Amino acid sequence: MSKDSYLLSILVPTRNRIDYAFETTKQILSIKDDRIQVIIQDNSDENILLNKLEVFKEDKRLKYNYIKEQLSFVDNFSEAVLNADGEYVCAIGDDDGINPMIVEIVEWAKKNSISSVQYKLKAIYVWPDSGIYKNANKLDNGNMIVAKVNAKVYKADSILELKKLFLNGCQNYLKLNLVKLYHGIVKKECLEEIRTKTGKYFNGLSPDIYSAVALSLVSKNNVFIDYPFTISGICKTSGSADSATGRHTGKWEDAPHFKGHSNYQWNDQVPKIYSVETIWADSAIAAIKDFKVNELIFNIAPLTAYCLINHTEYSKILKTHYYNSISKRWDSQFLAYLNLFFHIVKGPGLDLLQRIVRKIFRKKGDFEKFSNIQNIGIAEKVLTNHLQESKFKEVLINLEKLY
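To keep things clear, this report deals only with the structure shown in the data block. Owing to the predicted nature of the structure, the values given are computational and were not obtained by experimental measurement.

What counts, and at which threshold
- Residues numbered from 1 in each chain as written.
- Predicted model: local features only at pLDDT ≥ 70, side-chain atom pairs only at ≥ 80, totals over all residues.
- Heavy atoms only, no water.
- Pairing = 2+ DSSP bridges.
- Helix = DSSP H or I, 4+ residues; strand = E, 2+ residues; numbered from the N terminus.
- Buried < 20%, exposed > 50% of the residue type's maximum accessible area, 1.4 Å probe, protein only.
- Contact = heavy atoms within 4.5 Å.
- Axes fitted to C-alpha atoms, helices over the stretch in contact; angles between N-to-C directions.
- Left-handed = near helix turned anticlockwise from the far one by under 90°.

**Comments concerning the sheet that holds strand β7 (residues 123-126)**
Judged by pairing direction, the sheet is mixed, and its five strands sit side by side in the order β5-β12-β7-β8-β15 without closing on themselves. The sheet is open, and its two borders are formed by β5 (97-98) and β15 (367-370), each paired with just one other strand. Two strands pair when backbone bridges link them, and strand β8 (residues 143-147) and β15 are joined in this way by four bridges, in the antiparallel orientation. Residue pairing in the sheet places Val 146 in a bridge with Glu 368 of β15.

And the structure:
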């Protein structure tokens, strides 16, 4: 495989999703730019994907690595980082896509000594036959939604954002200005710093949120942009589809995240149910434990509130765990549950109210919808045509004003 250096490595960890991974690889390699590299980290049961990728064997930008032994999610991500030759890296899912303008923004970041570029996930592509549409009037034939892009740029205090994250029970981390590797762009040297300090690139069960916390602790010069440099894909076997259809919930011991781990130490501050909320919390706490950060205080009430609303079938486990965790801090059980009710109103209750308000006051042009899009390659072309080059130029103008 190539030992060349690249400006940007796109990391694509994959397992048993051959067709999606192939289409994603095809879409990225269609970007005719020698500054970009694609790392396919394949942990499938069989390396069938390698045979399909033979059509790209002459393209030295593609780097394929196959490991048959089942790895954990974090170990598969780690292998992808280890194989990256780029100065900057960006991780996406094997059903996601890349906006070609990503290479230009990374070039700008390098020239301005920027540690990371973070951006809004404003382009969502739902693959055909995803199974997430419950409304019979919505055709499941390949749909993309693109939110309004205003091209604003800004800086943010990531440590302050981390404090907000932990005060909110490590929930809704995508709404905060954290430094992310998954659908974010970071210098590889930041990941090497994490490995130097902790002994590994990732820990916990979710590489997404673990790296968001860890990178926010080490990356110092970050810019945030209202512009989609990647496309977030949802296919019928993706985590997003599982969340939408309720498959991302169950008994704690049945969590697929445990596969590839032996004797995993779940944090005792987090209730033992399998859900997006608990996996996020456990992995975020793992990051601050690895960095020995004591000033970030984890608030269990918001975590319990979100879990109670989203997973009512586990209410007994959640309430028992909550009260056992905070009983020493409250004078009575009544006050403890009054505090929990407050966080239900403040958290999921307020989220619902905000969604209703946004829907009521939504203006024409806030979202554009496109249908009958058969694969991620076509989705990228639709997005590029929709945004037009002028919108990216507006980003560059705003960056010049900021820097």
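**Description of the environment of Asn 65**
For Asn 65, the position within the fold is in strand β3 (residues 62-66). What makes Asn 65 partly exposed here is its relative accessible area of 22%. Sequence spacing of Asn 65 and Ile 39 is 26 residues, and the spatial spacing of their C-alpha atoms is 7.7 Å. Setting aside residues up to four positions removed in sequence, Asn 65 forms contacts with Ile 40, Gln 41, Asp 42, Glu 79 and Asn 83.

**Digging into the packing of helix α5 (residues 158-167) against helix α7 (residues 207-218)**
Where α5 contacts α7, the axes come no closer than 9 Å and their chain directions differ by 145 degrees. α5 and α7 meet at a crossing whose hand is left-handed. From α5, Ser 158, Ile 159, Leu 162, Leu 165 and Phe 166 reach across to α7, where they touch Val 213, Ser 216 and Leu 217.

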